[in-house]
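Results of the structural survey
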Amino acid sequence: MDEGTKTIIDKLIKKHKPGENAVVSIFQDVQEQQGYLSEDAIRYVSEKLEIPVSRAFSVATFYSAFSLTPLGRNRVHVCLGTACHIKGADNIAGRISRQLKIKPGETTGDRKFSLHKVRCLGCCALAPVVKVNDDTYAGVSQDQVVSVLEKYR
Ligand code: FES
């Protein structure tokens, strides 16, 4: 890990009070600043907080908000919950995968997009639903989703 990243993490560690939840708070800040939690960052935080590496990794993998791979600048969430599934969400997810040439959980090579499956976006009446960053697209068709994604290129 480069010195710049170590310095950033050292500052974040100082910012948080030691205790049970320190690792979660520090990981949240690292994720926000770096866009993901690298293996090196997780190991460094565990070393600095003097907690077992295995515990640090279990925290990092437990919370879905944490990503162990770099995320894209635009995060595409496709809902595959029951209401969206009934309205063809699987086909929409497939269309997005083909367009971006990535599977859910992956990031495009140019780091413009990452694709994520979610169980419910909390607006089932609008199914099928796709969210890009903070923008929600309701009742989208396979064709519409193509033009939606083009807006973020
Ligand atoms: S199931 Fe898709 S928004 Fe709830």
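Residues numbered from 1 in each chain as written. Predicted model: local features only at pLDDT ≥ 70, side-chain atom pairs only at ≥ 80, totals over all residues.

By a widely used convention, the size of an interface equals the accessible area lost when the partners come together. The domain boundaries assigned to the protein delineate domain 1 (3–62) and domain 2 (74–150). For domain 1 and domain 2, the distance between their C-alpha centroids amounts to 30 Å. (Domains from an automatic or database assignment.)

Next up on the list: the nonpolar core. Within the largest apolar cluster, 17 residues are counted, with the highest numbers of intra-cluster contacts made by Val78, Ile92, Ile96 and Val130. Elements that contribute at least two residues to this core include exactly strand S1 (74–79), helix H6 (89–100), strand S2 (113–118) and helix H7 (142–150). The leading source of residues in this core is H6, at four residues. Listed in part, the 13 residues of the second largest apolar core include Val23, Phe27, Val30 and Ile42. (Core = buried A, V, L, I, M, F, W, Y, C linked by C-beta atoms within 7 Å. Buried ≥ 20, exposed ≤ 12 C-beta atoms within 10 Å, placed from the backbone. Helix = DSSP H or I, 4+ residues; strand = E, 2+ residues; numbered from the N terminus.)

Here we have four strands laid out as an open sheet, ordered S2-S1-S3-S4, and mixed in their pairing. The open sheet has two edge strands with one neighbour each: S2 and strand S4 (135–137). Within this sheet the neighbouring strands show an average axis-to-axis angle of 20°, counted without direction. The sheet contact formed by S1 and S2 spans six bridges and is parallel. (Pairing = 2+ DSSP bridges. Axes fitted to C-alpha atoms, helices over the stretch in contact; angles between N-to-C directions.)

Of the residues making up helix H3 (residues 39–49), those classed as buried are Ala41, Ile42 and Val45. Burial along H3 is one-sided: seen end-on, the buried residues are contained in an arc of 100°. Facing away from the buried surface of H3 by more than 90 degrees, the exposed residues are Glu39 and Glu47. Buried residues belonging to H3 abut helix H1 (3–15), helix H2 (22–34) and helix H4 (53–62). Once H3 ends, the next one or two residues include Glu50, with phi positive near 55°. (Arc of directions from axis to C-beta. Contact = placed C-beta atoms within 7 Å.)

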